[in-house]
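Now for the letters of each chain:
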Amino acid sequence: MNWLREAINDSTTNKASSKRIAMLSGAASMSIAVVVLSAAAWFGYDVAAALWAVTVPLAGLGGYSYVNGKIAERAAP
């Protein structure tokens, strides 16, 4: 669980960041939703619209956090 603590800690203050916690919990919940919806598709349910509704924001969240993380790395002393 040390990796989890490292993932939510801010590098400057070394304390948990609410932004990082929100990003991590959002990504985790949407990833679980994708797995559940994929399992439902395996059983024959029509989940195409629901998968679009989850995967597009998940991809946006990943891209947003990556780009802003790179910007923050460049701005750090």
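Look a little higher up for the structure.
Our subject in this report is the structure included herewith. Note that the coordinates shown come from a computational prediction; the quantities given were computed from them, not determined experimentally. (Residues numbered from 1 in each chain as written. Predicted model: local features only at pLDDT ≥ 70, side-chain atom pairs only at ≥ 80, totals over all residues. Heavy atoms only, no water.)

## A word on the packing of helix α2 (residues 18-42) against helix α3 (residues 48-75)
So, step 1. The contact between α2 and α3 brings their axes to 10 Å, and the two run at 150°. If you check the angle between α2 and α3, you find them roughly antiparallel. Where α2 crosses over α3, the two elements pack in a sense that is left-handed. Across the interface between the two elements, M23, G26, A27, M30, S31, A33, V34, L37 and S38 from α2 touch A50, L51, V54, T55, P57, L58, L61, Y64 and S65 from α3.
So, step 2. Of the residues assigned to the contact of α2 with α3, the class counts are 13 nonpolar, five polar and no charged. (Axes fitted to C-alpha atoms, helices over the stretch in contact; angles between N-to-C directions. Helix = DSSP H or I, 4+ residues; strand = E, 2+ residues; numbered from the N terminus. Parallel < 35°, antiparallel > 145°, perpendicular 65-115°, else oblique. Left-handed = near helix turned anticlockwise from the far one by under 90°. Contact = heavy atoms within 4.5 Å. Nonpolar A, V, L, I, M, F, W, Y, C, P; charged D, E, K, R; others polar.)

## So, the environment of S11
So, step 1. As for its placement among the helices and strands, S11 is situated in the loop between α1 (2-8) and α2.
So, step 2. Linking S11 and S65, residues 54 residues apart in sequence, is a C-alpha distance of 15 Å.

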